[in-house]
Amino acid sequence: MTPNPHAAAVPLVEIRRGPFLESLHHGHAVICDAGGEITEAWGDPEAVILPRSSIKMIQALPLLSSGAGDDLDSRRLALVCASHDGAAIHTDLARAWLESLGMGEDDLRCGPQWPDDRPAQAELIKADARPCQVHNNCSGKHCGFLMLNKHLGGGPEYVLPDHPVQRAVLAAYEEVTGETSPGYGIDGCSAPNFAASLQGIARAMAWFASAHQRSDSQSRAAARLVSAMHEHPELVAGETRACTELMRAMDGVAIKTGADGVYTAILPRQGLGIALKIADGATRASEAMMAQLLIRLGVLDPAHPAALRRVNHVIKSRRGIEAGVIQTVEGV
């Protein structure tokens, strides 16, 4: 494994303004098949990264494979995989989930966060109120952690790396990536975020992609999560967000963003998984690269508005004059 994700990064996304190359984003991307083998790669597949929120579906596996979440509906399964905007559809669902557990916002350990959803922001401002932990984009994942913790009988500090909840997450993570994680960082929601190589993460996404073909409990759990993400894209992110808009534009494909330029994709019909990392952490580049890879694999129409908002996107001046373009480099 290469411990430095910046080493061997290659140019992936460029921003051109007129005849000038204005910005250039480097990174890595890997596509794996159902057998975990690389079909295509750019940069270093062995680069070790923190996947951030791009692997929330892996973090949710123990909730289902343990039996704790057997009765969860598809909306809550989508929310457990979400990095949501804190809109009412997200916070109302999280609050109802906590109530069903006999718990409240104080039981969460994700921390408060201003919602990205503008109506939710406006409502808080008009009420002269502060956001709470339910507004945190990871509150659905943490509701899942609480539900699993109740099943396991662990202590209240479920985000500690040696807590039974996080030990179960690590075990699932290492199983599906096929790697021993070299360590972790603390995510924005205070939970440990376990590292892996890009190939390991793409291998895990390909494992999710073929899960519907297997009958073991872990695979059944994975298939339920993928189905829920595609069935409820508005819960996974929110209106105008890339995850939501791109999933709506495709048939059966699940994608998930992560902070600092990480993206993953699960393609069940093709049995493929994608993982990518933009070295400088730019979201505009990770979205453009993911859209282009989905186009390359034939699951996203390049002319779809959701695609054109991310890749081959025309940059305009504030008067509407065409000024430049965001695109991937030649060969991607």
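Notes on the structure follow.

Calculation criteria
Residues numbered from 1 in each chain as written. Predicted model: local features only at pLDDT ≥ 70, side-chain atom pairs only at ≥ 80, totals over all residues. Heavy atoms only, no water. Helix = DSSP H or I, 4+ residues; strand = E, 2+ residues; numbered from the N terminus. Rg over C-alpha atoms; globule rule 2.2 N^0.38 Å. Buried < 20%, exposed > 50% of the residue type's maximum accessible area, 1.4 Å probe, protein only. Contact = heavy atoms within 4.5 Å. Phe/Tyr/Trp six-rings, centres within 6.5 Å; stacked < 30°, edge-to-face > 60°. Expected span 1.5 Å × (residues − 1). Core = buried A, V, L, I, M, F, W, Y, C linked by side-chain atoms within 4.5 Å. Axes fitted to C-alpha atoms, helices over the stretch in contact; angles between N-to-C directions. Parallel < 35°, antiparallel > 145°, perpendicular 65-115°, else oblique. Nonpolar A, V, L, I, M, F, W, Y, C, P; charged D, E, K, R; others polar. Pairing = 2+ DSSP bridges. Salt bridge = Lys/Arg side-chain N within 4 Å of Asp/Glu carboxyl O.

### Here's the deal with the overall build of the chain
Of regular secondary structure, the chain possesses 13 helices and 12 strands. In terms of overall dimensions, the chain is globule-like: its C-alpha atoms have a radius of gyration of 19 Å, near the 20 Å expected for 332 residues. Across its three principal axes, the chain shows a C-alpha extent of roughly 60 × 50 × 35 Å. Across the 332 residues of the chain, 57% fall into the buried class. Considering only residue pairs separated by 6 or more positions, the chain has 62% of its internal contacts joining residues 24 or more positions apart.

### Concerning the side chain of glutamine 59
Along the polypeptide, glutamine 59 turns up in helix H1 (residues 56-59). Beyond its immediate sequence surroundings of up to four residues, glutamine 59 is in contact with Lys141, Phe145, Val169, Pro192 and Asn193.

### Here we look at the pairing of strand E8 (residues 254-258)
Of all 5 residues in E8, 5 are buried, a share of seventy percent or more. Burial along E8 is two-sided: the residues Ala254, Lys256 and Gly258 and Ile255 and Thr257 are all buried.

### Some remarks on the packing of aromatic side chains
This model, assessed by the stated rule, comprises 4 aromatic pairs. Here the aromatic rings of tyrosine 173 and phenylalanine 194 are separated by 6.4 Å at their centres, their planes lie at 40°, and the arrangement is tilted. Of this pair, tyrosine 173 sits in helix H7 (residues 164-177) while phenylalanine 194 sits in strand E6 (residues 192-194), and the two are 21 residues apart along the sequence. Here the two residues tyrosine 173 and phenylalanine 194 agree in accessibility, since each one is buried. Their ring planes at 85° and their centres at 5.2 Å tell us that tryptophan 207 and phenylalanine 208 sit as a pair that is edge-to-face. Assigned by exposure class, tryptophan 207 and phenylalanine 208 land together as buried.

### As for helix H6 (residues 139-152)
Taking 1.5 Å per residue, 14 residues should reach 20 Å; H6 reaches 20 Å between its end C-alpha atoms and fits that length. The buried fraction of H6 amounts to 11 of the 14 residues, a majority that puts the element mostly inside the structure. Those residues of H6 that sit buried are Ser139, Gly140, Lys141, His142, Cys143, Gly144, Phe145, Leu146, Met147, Leu148 and Asn149. Buried residues in H6 make contact with H1, helix H2 (61-65), helix H3 (74-80), helix H4 (88-100) and H7. Of the residues one or two after H6, glycine 153 is the one with positive phi, at around 75°.

### Thoughts on the nonpolar core
Ile58, Leu61, Phe208, Ile255 and Leu294 are the most contacted members of the largest nonpolar core, which totals 107 residues. The dominant element in this core, judged by the number of residues it contributes, is helix H8 (residues 198-209), at 9 residues. Sequence-distant contacts of leucine 61, defined by excluding residues within four places in its chain, comprise Ala172, Val176, Trp207, Phe208, Gln218, Ala221, Ala222 and Leu225.

### Here we look at the packing of H4 against H6
Here H4 crosses H6 at 10°, and the two axes come no closer than 10 Å. Considered as vectors, H4 and H6 are oriented roughly parallel to each other. Packed against H4, whose contacting residues are Ala94, Trp97 and Leu98, the element H6 presents Ser139, Gly140, Cys143, Gly144, Leu146 and Met147 at the interface. Across the contact of H4 with H6, the residue classes tally to 6 nonpolar, 3 polar and no charged.

### Some details on the pairing of strand E11 (residues 313-316)
In summary, the side chains of a regular strand alternate between the two faces of the sheet. Pairing of E11 with strand E12 (residues 322-328), which is carried by 4 bridges, proceeds in the antiparallel orientation. When the sheet's bridge partners are listed, isoleucine 315 is paired in E12 with glycine 324. If you look at the hairpin formed by E11 and E12, you'll find 5 residues sitting between the two strands, and glycine 320 has a positive phi there, around 85°.

### A closer look at the pattern of salt bridges
Going through the model one piece at a time under the given rule, you end up with 13 salt bridges. Aspartate 187 is the salt-bridge partner of arginine 52, the closest N and O atoms lying 2.8 Å from each other. Note that arginine 52 is positioned in the loop between strand E4 (48-49) and H1 and aspartate 187 in the loop between strand E5 (184-186) and E6, a separation of 135 residues in sequence. Taken together, the salt bridges that share partners define one network made up of Glu245, Glu287, Arg309 and Arg310.

### Description of the environment of tryptophan 42
Tracing the backbone shows tryptophan 42 in strand E3 (residues 38-42). On a C-alpha basis, the gap between tryptophan 42 and arginine 284 in space is 18 Å, while along the polypeptide they are 242 residues apart. Excluding anything up to four places from it in sequence, tryptophan 42 contacts Val10, Leu12, Gly27, His28, Ala29, Ile31, Met289, Leu293, Arg296, Gly331 and Val332.

### With respect to the environment of threonine 180
As for its position among the elements, threonine 180 is in the loop between H7 and E5. A residue is classified by how much of its surface remains accessible, and threonine 180, at 61% relative accessible area, is exposed. Note: C-alpha distance between threonine 180 and phenylalanine 194 (14 residues apart in sequence) is 9.8 Å.

### Topic: the side chain of aspartate 187
The buried category is assigned to aspartate 187, whose relative accessible area is 9%. Those residues in contact with aspartate 187 that sit more than four places away from it in its chain are Arg52, Ser53 and Asn193.

### Overview of unusual backbone geometry
Not every positive phi belongs to a glycine, and arginine 52 is a case in point at roughly 50°. A positive phi angle, near 75°, is found at threonine 240, a position not held by glycine. Tracing the backbone shows threonine 240 in the loop between helix H10 (233-236) and helix H11 (242-248). Judged by relative accessible area, threonine 240 falls into the exposed class, the value being 62%.

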